[in-house]
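Here's the letter readout for the chains.
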Amino acid sequence: MDAFILQILNGLDKGSAYALIALGLTLIFGTLGVVNFAHGALFMIGAFCSVTLSKLLNLSYEVVDPTKKDFLGRPLVEKHTYIESWFGPETGAAIIDWSVPLAILFSIPIMIGIGFVMERGLIKHFYKRPHADQILVTFGLAIVLQEIVKYFYGANPIPTPAPAAFTGSFDFGTMLGFDPNTVIYPYWRLVYFSFAALIIGAVFAFLQFTTFGMVVRAGMADRETVGLLGINIDKRFTIMFGLAAAVAGLAGVMYAPINSPNYHMGMDFLVLSFVVVVVGGMGSLPGAVAAGFLLGILESFASMNEIKSLIPGIDQIIIYLVAIIILLTRPRGLMGRKGVMED
Amino acid sequence: MLGLNKKDATLLLLVAILALCAPFILNPFPEGSALAQFNAGYPDLMQRFVIFGIFAIGFNILFGLTGYLSFGHAAFLGVGSYSAVWMFKLLSMNVIPAIILSMIVSGLFAVVIGFVSLRRSGIYFSILTLAFAQMSFNLAYSVLTPITNGETGLQLTLNDPRILGESATADGSIPVTNLFGLEMRSTFQMDVGAWLFQFNVGYYLCAFIMLLAFYLSLRIFRSPFGMMLRAVKSNQQRMRYTGLNPRPYTLAAFVISGMYAGLAGGLMASMDPLAGAERMQWTASGEVVLMTILGGAGTLIGPVLGAGFIKYFENIFSKINDNVLHGWFSFMPDGLEDFVVGIVHPFIGKGWHLTLGILFMLVVIFLPGGLVEGGQRIARALRKDKSDDKSNAKSNPAE
Amino acid sequence: MGILEVKGVNKRFGGLQALGNVNLSVRENTVHAIIGPNGAGKSTLLNCLVGKLIPDTGSVMFDGNSVLGRQPHEINQMGISRVFQTPEIFGDLTVMENMMIPIFAKRDGAFRMHAVGNMMSEKDIVEAAEKMLVDMNMADKRNMHTASMSRGDKRRLEIGMCLAQEPRLLLLDEPTAGMARADTNNTIDLLKQIKAERDITIAIIEHDMHVVFSLADRITVLAQGTPLVEDDPQNIKGNPKVREAYLGESA
Amino acid sequence: MNVKPDFSKGHNLAETAPAYLSVWDIHAYYGESYIVQGVSFNVHEGEILALLGRNGAGKTSTLRAIARLDNPAIHKGEVWLDHQPLHLMSSYKAAQSGIGLVPEDRRIIPGLTVEENLKLAQIAPPIGWSIERLYELFPRLGERRNQEGVTLSGGEQQMLAIARALARDIKVLLLDEPYEGLAPVIVDEIERTLRKIKEQGITTVIVEQNAVRALELSDRAVILDTGNVVYDGSAGEVLSNKELREEYLAI
Amino acid sequence: FTNEPTGPSVTLGFNVPQTGPYADEGADELRAFQLAVEHLNGGGDGGMLGTFSSKALKGNGILGKEVKFVTGDTQTKSDAARASAKSMIEKDGAIMISGGSSSGVAVAVQGLCQEAGIIFMAGLTHSNDTTGKDKKANGFRHFFNAYMSGAALAPVLSKLYGNDRRAYHLTADYTWGWTQQASIAAATEALGWQTVNNVLTPLAQTDFSSYIAPVLNSGADVLVLNHYGGNMVNSLTNAVQFGLRDKQVNGKNFEIVVPLYSELMAKGAGANIKGIVGSQNWDWKLQDEGTKAFVQSFGTKYGFPPSQAAQTCYAQTILYADAVERAGSFNPCAVAEALEGFEFDGLGNGKTLYRKDDHQCFKDVLVVRGAMTPESEFHLVEIVEVTPTEQVTYAPDHPMFAGGALGTCNPGA
Ligand SMILES: Nc1ncnc2c1ncn2[C@@H]1O[C@H](COP(=O)(O)OP(=O)(O)OP(=O)(O)O)[C@@H](O)[C@H]1O
Ligand SMILES: Nc1ncnc2c1ncn2[C@@H]1O[C@H](COP(=O)(O)OP(=O)(O)OP(=O)(O)O)[C@@H](O)[C@H]1O
Ligand SMILES: [Mg+2]
Ligand SMILES: [Mg+2]
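Residues numbered from 1 in each chain as written. Chains lettered and ligands numbered in written order. Predicted model: local features only at pLDDT ≥ 70, side-chain atom pairs only at ≥ 80, totals over all residues. Heavy atoms only, no water.

For clarity, the threshold we go by: UniProt positions are given in the numbering used here, feature names are shortened, and annotations may be inferred rather than shown by experiment.
Identification of chain A as Branched-chain amino acid ABC transporter permease from Thalassobius vesicularis is taken from an unreviewed UniProt entry. Annotation of chain A in UniProt includes, under Sequence similarities (unreviewed entry), the sentence "Belongs to the binding-protein-dependent transport system permease family. LivHM subfamily." Per UniProt, chain A has the following entry under Subcellular location (unreviewed entry): "Cell membrane".

Shown next, in the form of structure tokens:
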């Protein structure tokens, strides 16, 4: 029972990451109809917003300490951060410690800006082009973005810890009457889950309670006719793209403490997020979110020893297996709309 | 000629000449010159060009004609390789049975995967094929290690039975792949002045098979079957109401292209008897998609060009390091030399991905029809230059 | 006993009864027109005949065999061809290729590989297609990509493609909509000629009364999913109910 | 005016009243193919103009060019509506300036219900008829308001397309074959509506294959042939002049 | 023999990951190779040439021929690595290939070199198979292996955590992971530890939470992470997130062990590695003369201390050159003979033996622990113990290394 609860928690947490990435992807892929292979790169850039902010906060001046020696036997050059010298060691340290949450604010304008530039400068010309061309150009872009990040940050993962206040884990077990330490869950992952729920809710509300969503959907189905109705669809597409980039970026910002960011983390998630979006059904935001959680939970269960011992290697293939089964039983995924990218 | 019209026959002839003379064409720079770095005329890379060419030609039969975008074609390549290596391990080092088996096995795989995946179209189809390939890859890497040798890849050993051959040669090493005794790796070297040309048996076998594959694809493109496949792409609804069932056509195309992939895999293993799981990863499937689009999907020669383009970058650009750069620019004054090297540095060696990414974008932005369109534009420009009459602007059907 | 027998067909879309207990009998070698107000269920009825929709209840027999439960291509192979309300043609292919495909389908059935033959060396098919193009007055457009044709041309092509199959039953859903008057008259002549030359039964949906009354041997008026009357053209013209519900004063 | 054949009688109206919508020497291309080859005509405020011609004459292309759709692309020429230069605008700007096009293939937006299709038309200003009023005009649409637009019957879609144009406050209504696929009663109904619209001062350009009906409704007619204006004059003239009709309309 | 150098220079091929997750490690290897070439050609301060026990090298290249090199990208994929190695052999005429950052690649390239008649000096490869069932006569490994990790770790673990421990293994689901897990399990079980569970994790896994979560519940009090690279960084980060490091189980402190450490992984895992025990082939803080000379030379040139991967690649290049020099020929068979059974000192790690039977190198192995109070940004781990050679030596026919045959050396065409 406790193992079960634990895996549900895990699944929800994993699922929230999948759902968040898939949400951003589906805004572009499911709604605008652009196969965006650069979406993973946006996620990665989000994570590197965290890294960058923490680097910026850690900018330091150097002081030579002749009493100590460095590895070559020369006097040691010590580094002191400006932040600490400006705000005093305690406040300074606290600011540095909170760099990841602060990066949320830092990243929103950056991501929206990147989204705008990407859409206006590149994607705009590809709405009417075949999907294959979209794949090629966005894949090229993804590589370029990745390599730029790699050039500046290297290939190695960069540890980006959460604020100290969130280290450790919350003991659900004692709350539910189990033994202590049986059902624990890290605070930061709980934060991530809540954050994901918040973003998902906000995006839904935006698209549900305004006509924006309907217009964009209509624009994707038939740009020309929407233009005939006096609507400037280009502008809305740009906004949608910015929104999607921001969602992807925020997913990345908050993910940084969970796994140290590296330049190819986007590619690692890319295929999976496409699977999630398609299993959810093209063009359906609730579908993408539901599929994210479903696959997250199933993946967690598949990694349980009891199940692995029954079917060896099941955790290696579960996502794909489920995807196949769902797509065969439900032609358009969980909640897909008819006619969206079916040809 | 050979049941082809004049234009196609010319194209085939052109490809044949290119393939035959590749050792010369790809080695334009004299040995030891600064530009020798850009020579690609060595057996391994030439083999890769034609093998990936076969892979892409096959992929294009499915994608270019029917529009079904498979994102899992690498699975067939991988399966083909494994089959071939197993043949080398169990039967003999002759490449013929290995290649045949690899085509059969990948064909069977394609029947199964195609049968299931083709129940859906569009992106749903793509994801189904992707899912199958990723499952194959993940399993090959882990659970199926007894068959695939997992991470390392399936290799030959001295203990393999090789019923019709020998486990080990007289001097105690693993025998090499051959075609009835003609060793794949044997290379005839021709020294011409500063040039060294290499004529490799394996390459010519691959090139010959590639020509066959190309010829077959030409015939398929021009055949009634090819027309049906284009009809599938164009309007399945109309097809059904015309009394044609699209499913067997798409399945046939899928299996044919799967067998092409298997053939490529088998050849790869024949040139270098190792089969690694990465050959089945989505990135490998993505690569053939990129090759095809880059060259020009739906055109006959495009995929081959695309394959050559990507493999060239992978193998040539990745090997240019700062040392080489300094060698090239050593004629410049020191400060300038460092500056130029500094500028070029991010794009070569470990930065070859960056260059490739940029080129992908440039090609697709400026040449919507891929490299083939680039060629056509050049040809058109040349023609215009010659005869300055108003060219008939009729768009000619795709190559 | 007609060649096409529709008995008790019902079809619902959610809350909407699109077809309610439709009975229809089409006699062989006649032109049977189905008319009725917009949304009466005419196209839905055709859809049930070709396998695009499956009726909720009822039976559809073609020449003594049930149509229901068969795939669209099987139904076509039985001898039923259909022209759609919005033209369904192979947009990426040329006119000539469009014309060849149905002829292949007629000759080879649902599937035959032909993977290495040259399409242009199939003499019989090329000839038949050429002839059909001449008949349809489209020979000059043979190498055009159909996507860029005007809609009237597309429709004419589609009719030609269906005729090329030499079907026993031809279903036409507003074949002359959007066609210039001259071409409409051509089409009427063509259909008459074809009817005279071969054994063919035609079921036609049309809002253009000129076409209906020039061609039809018999007319069924469908309203709100059920047949209102079935009669000879003359009687239909005079039927006050039909005038009120459908024809209006200008007919 | 830059009209090639001079039917001087037809120019009466044109010469006296000032032009409201003025199309001047437009040349438009689909890719490389030259389709609209220098078309000019004027439309006066509140009048109905019939734009006629055979299939493929370039009627649709002309309307699309006026509505500033990218395809065909105008390479040369000017379009003025009420002193606004449409030729300098993109299509949504042109629409906001008062152009309302009912496209020939209706272009109902998939995935949206009937009501959403109408709502969509009222997102950008200026807003015209209320949705309730449109349902009064086409009760059929009111009944189907929550059905997905593309599943409507052909005629119902046509109604929706017209309603969608009226949902916006437009100055000029461009109708591309509005009667196509409609039952005769509905055609009568729409004709009445168009007259009503005319009374409200809306200017209309109507493209229609049913030339007689269109001419009866219209004040003036422009006839196109292979992308050129071959007649520009009164509608009555065309109706009464048999030669004209036979030469350009084959009726 | 293949690629016999005829001109005034000789070409070596350095095949390292330049793209993909191990690109940084590859870059460090490349730095070491370049440094080695510089030293062989008589440039720089000579580095470990001065401390190397064999004095055959004179700083005038190899056998008087100037050393040149070509580089390639393995992409950490067997296929790409072989393609790259082939191009070095076929196009550039490389006489020796070295480098690599994973066992799969090492085994694949080693096989290729055997077929082509080239010497392969493995870079970073830790799997038992490289000199076990996949050993090749033309291939040599300077790096230690999983068995040695186990053998070195076991006594330290016993000393630190006692002999009554229950271990839970998370293992990367591929060959290297399996051999390491088997080696560590065998070594710890010999101490009296119990292996509660061994869970295989998919290679592509990035989030290990669902594998970590059940650990506390299993009654285990030690978690062994048989992961490398990104897998290890993530699984360790996740384990620490779950608070495993601070928990008490069975009345003992819960402990985490990472059997194979690398500097880059340690850097990637950041503060999470504090106090976590593992093993290393070499560390720049060793105090022998060879290490000091190398660190000085490398540090002066690049501004930071070398990684163990760099040290391995440097040593491999020097060892190859020295063997050629001693054999007096570039013939791979002569070189192999010179390397087989070769005993030397002064390349770091103290006295070292290249065993003839399997071409595995035997030397001291380091047990290290994540530094609790780092003195500088380069101070990631501290050395807990230098396990002497005898303790990590095993018989050539040890079952973990069984199967496969060395074969005979192949000089190629
Ligand atoms: N898929 C569907 N879902 C819901 N309602 C549908 C669907 N298809 C058709 N309908 C409805 O069923 C009714 C009959 O439609 P049908 O297309 O058969 O009419 P029709 O007689 O062909 O009309 P028209 O002459 O205008 O083409 C219409 O009211 C239409 O809205
Ligand atoms: N998208 C397109 N690309 C290329 N050519 C086109 C395209 N659309 C139309 N054409 C061509 O332009 C010409 C004029 O077409 P248009 O649709 O304007 O004629 P129309 O007068 O409206 O005819 P119809 O009465 O059949 O609707 C036709 O010859 C047609 O083939
Ligand atoms: Mg209808
Ligand atoms: Mg038109």
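Some details on the overall build of chain E
Quick reminder of the rule: Where helices and strands are cited, they refer to DSSP runs of H or I of at least four residues and of E of at least two residues respectively, numbered from the N terminus. When we talk radius of gyration, it's over C-alpha atoms, and the globule rule is simply 2.2 Å times the number of residues to the 0.38. Throughout this description, buried means an accessible area under 20% of the type-specific maximum (1.4 Å probe, protein chains only), exposed means over 50%, and partly exposed covers the range between. For this analysis, residues touch if any pair of their heavy atoms sits within 4.5 Å. The Shrake-Rupley method, run with a 1.4 Å probe sphere, supplies the accessible areas, and residue values consider only the shown protein chains as cover. In this charge count, Lys and Arg are treated as positive and Asp and Glu as negative; neither His nor the chain ends contribute. By convention, charge coordinates are those of NZ in Lys, CZ in Arg, CG in Asp, or CD in Glu.
Each helix and strand counted, chain E has twelve helices and 17 strands in total. Computed over C-alpha atoms, the radius of gyration of chain E comes to 21 Å, within 12% of the 22 Å expected from 2.2 N^0.38 for 413 residues, which places it in the range of a compact globule. Overall, the C-alpha framework of chain E stretches about 70 × 45 × 40 Å when taken along its three principal axes. Per-residue burial for chain E yields a buried fraction of 68% across its 413 residues. Long-range pairs, those at least 24 residues apart, make up 73% of the contacts in chain E with a sequence separation of at least 6. Of the roughly 11100 Å² that chain E leaves accessible, carbon and sulfur atoms contribute 52%. A distance of 1 Å separates the average location of the 30 positive side-chain charges in chain E from that of its 41 negative side-chain charges.

Things to note about the site of ligand 2
Put simply, the rule is: Here a residue is considered near a molecule or strand provided that any single heavy atom belonging to it is located within 4 Å of it. Two N or O atoms form a polar contact when they lie within 3.5 Å of each other; inside protein one atom must be a possible hydrogen donor and the other a possible acceptor, and for residues adjacent in sequence the pair counts only when both atoms belong to side chains. Only Asp, Glu, Lys and Arg are considered charged, only Ala, Val, Leu, Ile, Met, Phe, Trp, Tyr, Cys and Pro nonpolar, and every remaining residue, Gly among them, polar.
The full set close to ligand 2 counts 19 residues, and C:Ser148, D:Asn55, D:Gly56, D:Thr60 and D:Ser61 are the nearest of them. At ligand 2, the nearby residues belong to more than one chain, namely chains C and D. Between an oxygen atom of ligand 2 and a side-chain N or O atom of D:Ser61, the distance comes to 2.4 Å. Those elements that provide at least two residues to the shell around ligand 2 are helix H5 (151-164) of chain C together with helix H2 (59-66) of chain D. The biggest single contributor to the shell around ligand 2 is H2(D), with three residues. Partitioning the shell around ligand 2 into residue classes produces five nonpolar, nine polar and five charged.

A word on the arrangement of the chains
Highest in contacts among the seven pairs of chains that touch are chains A and E. At the C-alpha level, the nearest point of chain C lies 34 Å from chain E, with no contact between them. A gap remains between chain D and chain E, which never touch, and the nearest two C-alpha atoms on either side lie 37 Å apart.

Brief notes about the site of ligand 1
Taken together, 22 residues sit near ligand 1, with C:Lys42, C:Ser43, C:Thr44, D:Ser153 and D:Gly155 positioned nearest. Site remark: ligand 1 is flanked by residues from chains C and D. D:Arg144 is positioned with one of its side-chain polar atoms (N or O) 2.9 Å from an oxygen atom of ligand 1. Between D:Glu156 and ligand 1, the recorded distance is 2.9 Å, taken from a side-chain N or O atom to an oxygen atom.

Observations concerning the side chain of A:Asp171
What counts here: In the sections that follow, a salt bridge refers to a side-chain nitrogen of Lys or Arg positioned within 4 Å of a carboxyl oxygen of Asp or Glu.
One can find A:Asp171 in strand E3 (residues 169-171). Among buried Asp, Glu, Lys and Arg side chains, A:Asp171 stands out as unpaired, with E:Lys247 the closest opposite charge at 5.7 Å.

Points about the packing of helix H2 (residues 39-57) of chain A against helix H11 (residues 265-280) of chain A
Residues and elements named next belong to chain A. Worth spelling out the cut-off: Each axis is a line fitted through C-alpha atoms, taken for helices only over the stretch in contact, and angles between the N-to-C directions span 0 to 180 degrees. For classification, angles of less than 35 degrees are called roughly parallel, those exceeding 145 degrees roughly antiparallel, those between 65 and 115 degrees roughly perpendicular, and all remaining angles oblique. By the definition used in this description, the sense in which the near helix is turned from the far one sets the handedness, with an anticlockwise turn below a right angle giving left-handed and a clockwise turn giving right-handed.
Two elements in contact, H2 and H11, have axes whose closest approach is 7 Å; the angle formed by their N-to-C orientations is 140°. Relative to H11, the element H2 lies oblique. The element H2 and its partner H11 pack so that their crossing is right-handed. Taken together, the residues of H11 that come into contact with H2 (itself represented by Gly40, Ala41, Phe43, Met44 and Ala47) are Met265, Gly266, Phe269 and Leu270. Here the residues of the contact of H2 with H11 sort into seven nonpolar, two polar and no charged.

Section: the confidence of the model for chain E
All names here are of chain E. What counts is decided by this rule: Known as pLDDT, the predictor's confidence for each residue is given on a scale from 0 to 100.
On average, residues of chain E score 92 in pLDDT, and 100% of them are at 70 or above. Mean pLDDT across the elements of chain E ranges from a minimum in strand E9 (residues 248-249), with 85, to a maximum in strand E4 (residues 119-122), with 96. Taken over the whole predicted complex, pTM reads 0.92, whereas the ipTM for its chain interfaces reads 0.91.

Quick look at the sheet that holds strand E8 (residues 203-207) of chain D
All names here are of chain D. Selection rule: Strands are treated as partners if at least two bridges between them are detected by DSSP.
Here we have six strands laid out as an open sheet, ordered E6-E7-E8-E3-E9-E10, and mixed in their pairing. With partners counted over all chains shown, the strands left at the sheet margins are strand E6 (99-102) and strand E10 (228-234), one partner each. Ignoring which end each strand starts from, the neighbouring axes of this sheet average 15° apart. As paired strands, strand E3 (residues 48-53) and strand E9 (residues 220-225) are joined by five bridges and run parallel to one another. The partner of Leu49 across the bridge, within E9, is Arg220. Lying over the sheet, helix H8 (residues 184-199) contacts E3, strand E7 (172-176) and E8, oriented at roughly 160° with respect to E7.

A short note on the sheet that holds strand E1 (residues 4-13) of chain C
All names here are of chain C. Spatially, E2-E1-E4-E5 is the arrangement adopted by the four strands of the open sheet, whose pairing is antiparallel. The sheet terminates laterally at strand E2 (16-26) and strand E5 (65-66), the two strands that pair on one side only. Here E1 pairs with E2 via seven bridges, running antiparallel. Within the sheet, the bridge partner assigned to Glu5 lies in E2 and is Ser25. Sitting on the sheet, helix H1 (residues 42-50) is in contact with E1, E2 and strand E4 (57-62), with an inclination near 65° to E2.

Observations concerning the state of the cysteines
All names here are of chain E. Selection rule: Any pair of cysteine sulfurs within 2.5 Å is marked as a disulfide.
This structure, assessed with the given rule, holds one disulfide over all chains. Each sulfur of the disulfide joining Cys333 and Cys409 lies 1.7 Å from the other. Here the disulfide of Cys333 and Cys409 is right-handed, its torsion about the S-S bond being about 135°. Linking Cys333 in helix H11 (residues 332-339) with Cys409 in the segment after helix H12 (389-392), this pair joins segments that are 76 residues apart in sequence.

Points about the UniProt feature "transmembrane region" (unreviewed entry) in chain A
UniProt records the feature "transmembrane region" (unreviewed entry) for residues 16-35, 42-61, 102-123, 190-216, 237-258, 270-298 and 310-328 of chain A in the present numbering. Between the end C-alpha atoms of residues 42-61 of chain A there is a gap of 32 Å, over a span that is 80% helix and 10% strand.

Looking at the confidence of the model for chain A
On average, chain A scores 89 in pLDDT, and the residues at 70 or more come to 100%. Predicted confidence in chain A is weakest over helix H6 (residues 172-176) of chain A, with a mean pLDDT of 77, and strongest over H2(A), with 94.

Points about H2(A)
Under the convention used in this document: Helix span, as expected, comes to 1.5 Å for every residue beyond the first.
In a regular helix each residue adds 1.5 Å, so 19 residues correspond to 27 Å; H2(A) covers 27 Å between its end C-alpha atoms and thus fits that length. With 16 of 19 residues buried, H2(A) is to be regarded as a mostly interior element.

Some remarks on the coordination of the magnesium ion (ligand 4)
Expected angles at a metal are 109.5 degrees for tetrahedral coordination by four donors and either 90 or 180 degrees for octahedral coordination by six donors. What counts, and what does not: Donor criterion used throughout: N, O or S atom within 2.8 Å of the metal, extended to 3.2 Å for Na, K and Ca. Water excluded; incomplete-looking sites may result.
Every protein donor of the magnesium ion (ligand 4) is accounted for by D:Thr60 (OG1) and D:Glu104 (OE), and the metal-donor separations fall at 1.9 to 2.5 Å. One end of the pair, D:Thr60, is in helix H2; the other, D:Glu104, is in the loop between E6 and helix H4 (114-121), and 44 residues separate them in sequence.

Regarding unusual backbone geometry
Residue D:Pro72 follows D:Asn71 across a cis peptide bond; omega there is 5°. Positionally, D:Pro72 belongs in the loop between H2 and strand E4 (73-81). Of note, the amide linkage connecting D:Pro125 to D:Pro126 takes the cis form, showing an omega dihedral of -5°. The phi dihedral of C:Asn21 is positive, around 50°, even though this residue is not glycine.

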